[in-house]
Amino acid sequence: MDKTIQDKPVEETGVDAAAVASPEAETDVVSMFLSAAGYRTDESLFRPITLKRAGKQVLPTFRVRPISEKEAFQAHKSATTYMANPTNPRLPKIEKATDGSLNDSYIIYTATVAEDRPKTWDNPKVISALQAKYPEIATGVQVIDAVLTIGEKEAIVEQIQALSYPDDTAKVTPEEYAKN
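First, a word on scope: everything that follows refers to the structure included in this document. Residue numbers here run from 1 along each chain, matching the order of that chain's written sequence. In keeping with the predicted nature of the model, local features appear solely for residues at pLDDT of at least 70, side-chain atom pairs appear and are counted solely at 80 or more, and the whole-chain, interface and lining totals rest on all residues. Excluded from the side-chain calculation are hydrogens and water; included are all heavy atoms of the structure.

### A closer look at the nonpolar core
1) Next: Core analysis: the biggest nonpolar cluster contains 23 residues, and Val64, Ile108, Trp121, Leu148, Ile156 and Ile160 have the highest contact counts within it.
2) Next: Elements represented by at least two residues in this core include exactly β4 (62-64), α5 (100-111), α6 (124-133), α7 (140-147) and α8 (150-164).
3) Next: Discounting chain neighbours no more than four positions away, the residues touching Trp121 are Leu59, Phe62, Ile108, Tyr109, Thr112, Ile127, Gly140, Val143, Ile144, Val147 and Leu148. Side-chain atoms within 4.5 Å link the members of a nonpolar core, which is a set of buried Ala, Val, Leu, Ile, Met, Phe, Trp, Tyr and Cys residues. The classification of residues rests on relative accessible area computed with a 1.4 Å probe and restricted to protein chains. Under 20% of the type maximum is buried, over 50% is exposed, and intermediate values are partly exposed. Under the scheme used here, helices are H or I runs from DSSP no shorter than 4 residues and strands are E runs no shorter than 2 residues, and both carry numbers assigned from the N terminus. Every residue pair with non-hydrogen atoms within 4.5 Å of one another is taken to be in contact.

What follows is the structure, encoded as structure tokens:
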């Protein structure tokens, strides 16, 4: 039968059982989880994006934030077309094709800090002006698709991924894995 951390000696766990059992420790754990869950609004995690072409700024600076796996999946789902299951039409639909460019646009839109969207992608004046040239533009995601080049999108998505998958997370080396 496994002992709980409170039953094991400090030498084995590296944690003092009395410290874990204290109400302060429980409060610290709760505050750590709340802090971790606040990545969408934690300004220390935001990264400003300034887009330049030929040395000249072409868009207002906007900020991006880390995104969750669920948000990334929703971007993928929004950029994917589906078809009837060829095995049996009564079965759930299956993925037909995913538009990679549109997926990147959804990721950029989702990761853009909510306060910055009305100044950039959701700006009604920008949408109206672009509609004069590209009548199909009606949403912020479509604005991103119209104004960013493939390289610019990839560079922004890479920055979002760097925020969402930070290097300072604990990595287990093969040697550490073998020991445990």
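And the narrative resumes.
### Observations concerning the pattern of salt bridges
Close approach of charged atoms allows side chains of opposite charge to pair.
1) Next: Any carboxyl oxygen of Asp or Glu within 4 Å of a side-chain nitrogen of Lys or Arg constitutes a salt bridge here. Tallied over the full model, the rule gives 7 salt bridges.
2) Next: For Arg63, the salt bridge identified is with Glu115, shortest N-O distance 3.6 Å. Of this pair, Arg63 sits in strand β4 while Glu115 sits in the loop between α5 and α6, and the two are 52 residues apart along the sequence.
3) Next: The class for Arg63 is partly exposed, based on a relative accessible area of 22%.

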